[in-house]
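Per-entry structural report
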Amino acid sequence: MSHSNVAIFIPHKGCPHACSFCDQKSISGEQKQVTPLDVRLELREAFARPLDEKNTEIAFFGGSFTCIPRGEMEAFLKEAAPYVQGEKACGIRISTRPDGISEEVLGVLKRYGVRSIELGAQSMDDDVLRLNRRGHTAAQVEKASRLIKAYGFSLGLQMMAGLYGDRKESLYRTAERIIALQPDTVRIYPTVVIKGTYLDELRRKGLYSPLSLEHAVELCAPLFWQFEQNGIRVIRMGLHASQTLEQRRTGGAYHPAFRELCESFLKRQQLEEELRRFPIGSEVLVKVPVSELSKTIGQKKSNITWAEKMGYQLKVHPDKSLEKGEMKAELLHFFHT
């Protein structure tokens, strides 16, 4: 069985700032504050089902967990800790802000069985952080990341594409600085504009132009490739699907299968390299690993359609002998154009 989370969303809990993009109640789909009793009942229900205890983490998402008042934070952890101690879960995962990390806080988290800590870095450009009202600096991200690793936690970093004031150059510099920190995991979120946020206000005033879906894919697909090449797992691309999010979204790049779109875009680039070896008007057989068949074809056969526009007829077949990332192409037929 693969890794899984028993996710508990705690919207707005502990966060001292109202970032430009943030409306956690919409993002998490929650409309009420969560209590320790809620956590107890949710965990009881989740662990009543068969789970792979060696690969299941209890995850507190949606807020700045370490910024919650200490008594309340520990009350949440006390509900989760017995599942780790009883070996029903392999650990606890929390998400928080870079300025919510200290040696003292990390000591508390360690005692309760927290194993993984994700930081919402969002950008490593101080101007972008300031414009988006993040309330922390890139240096604080670096300091917190190093502390987390020094205490033996698994480090996850989250970044966003398309923030107010961000550019392609600063976005890719953010990725480079994140890679230098060597996190275990990364999440990449194209910015989605939610009704009532500061970004929505800027959009309505014509001061901010959200990313289109196509542009977001073009920007984020190379980021995905860059992290993977550096041995950093990308565990999420794009926000989770939510009816509330879809209702309150006023702009920005959102798609429930955003990762698949990015992976298909990378496969298109690989296909383009292969097709250059054949004259326009060729019918080409492309072989790929079984696991990469759908992303090579593309959503709604988008890569097949793209190839047709380029003047090629593509046939894509799975090949069990090929390794991840491999692709073999051969000429089937040449049609005069």
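Residues numbered from 1 in each chain as written. Predicted model: local features only at pLDDT ≥ 70, side-chain atom pairs only at ≥ 80, totals over all residues. Heavy atoms only, no water.

**Comments concerning the packing of helix α3 (residues 70–85) against helix α4 (residues 103–111)**
Selection criterion: Interaxial angle, 0 to 180 degrees, is taken between N-to-C directions of lines fitted to C-alpha atoms, where a helix line uses only the stretch in contact. Numbering goes from the N terminus for both helices and strands, where a helix is a DSSP run of H or I of at least four residues and a strand is a run of E of at least two. By the definition adopted for this analysis, an angle is roughly parallel if under 35 degrees, roughly antiparallel if over 145, roughly perpendicular if from 65 to 115, and oblique otherwise. Crossing handedness is read from the near helix: turned anticlockwise from the far helix by less than a right angle, it gives a left-handed crossing, and turned clockwise, a right-handed one. In what follows, a contact means two residues having at least one pair of non-hydrogen atoms within 4.5 Å. As a working rule, the residues Ala, Val, Leu, Ile, Met, Phe, Trp, Tyr, Cys and Pro are called nonpolar, Asp, Glu, Lys and Arg charged, and the rest polar, with Gly in that last group.
One way to put it is that α3 packs onto α4 with a least axis distance of 10 Å and a crossing angle of 25°. Judged on the interaxial angle alone, α4 and α3 are roughly parallel. When the axes of α3 and α4 are compared, the crossing they make is right-handed. The segment α3 lies against α4, with Arg 70, Met 73, Glu 74 and Leu 77 engaging Glu 104, Val 105, Val 108, Leu 109 and Arg 111. Taken together, the residues of the contact of α3 with α4 break down into 5 nonpolar, no polar and 4 charged.

**Brief notes about the environment of Thr 174**
Stated formally: Whenever two N or O atoms come within 3.5 Å, that pair is a polar contact, provided that in protein one can donate a hydrogen and the other can accept it, and provided that, for residues adjacent in sequence, both atoms are side-chain atoms.
Structurally, Thr 174 can be placed in helix α7 (residues 168–181). For the pair Thr 174 and Val 6, spaced 168 residues apart in sequence, the C-alpha to C-alpha distance is 30 Å. Not counting chain neighbours up to four residues away, the residues in contact with Thr 174 comprise Ser 123, Met 124, Asp 125 and Met 159. Polar contacts involving the side chain of Thr 174 include one to the main-chain amide nitrogen of Met 124, which spans 2.9 Å.

**So, the state of the cysteines**
The term disulfide refers to a covalent linkage connecting the sulfur atoms of a pair of cysteines. For clarity, the cut-off: For this text, the term disulfide refers to a pair of cysteine sulfurs within 2.5 Å. Accessibility here uses a 1.4 Å probe with only protein chains present; expressed as a share of the type maximum, an area under 20% marks a residue as buried, one over 50% as exposed, and anything in between as partly exposed.
Inspection of the entire model under this criterion finds 0 disulfides. Free cysteine: Cys 220, not disulfide-bonded; nearest cysteine sulfur from Cys 262 at 5.4 Å. For Cys 220, a relative accessible area of 0% translates into the label buried.

**Structural notes on the sheet that holds strand β10 (residues 282–288)**
Within a sheet, neighbouring strands are paired by backbone hydrogen bonds and run either parallel or antiparallel to one another. Here is the rule we go by: When DSSP finds two or more bridges between a pair of strands, those strands are recorded as paired.
Spatial strand order, β11-β10-β12: 3 strands in an open sheet with mixed pairing. Looking at which strands have only one partner, the edges of the open sheet turn out to be β11 (313–318) and β12 (328–334). Averaged over all pairs of adjacent strands, the angle between strand axes in this sheet comes to 20°, irrespective of strand direction. When β10 meets β11, the two strands line up parallel, connected through 6 bridges.

**Things to note about the layout of surface pockets**
With a probe scaled to a water molecule rolled over the atoms, the places where space remains empty come into view. The criterion, for reference: Grid points spaced at 1 Å and placed over the protein atoms alone form the basis of the search, with a cavity being a set where a 1.4 Å probe fits but cannot get out and a pocket an open set showing protein on both sides within 12 Å along at least five of seven lines. Lining residues have an atom within 4 Å of a point. Grid points are joined across faces, edges and corners, and a volume is the space filled by probe spheres set on the points.
Volume-wise, the second largest pocket comes out at about 520 Å³. Mapped by element, the contributors of at least two residues to the lining of the second largest pocket are α9 (213–229), β8 (233–237) and α11 (258–275). Sorting elements by how many residues they give to the lining of the second largest pocket places α11 first, with 6 residues. Class assignment of the residues belonging to the lining of the second largest pocket gives a composition of 6 nonpolar, 5 polar and 8 charged.

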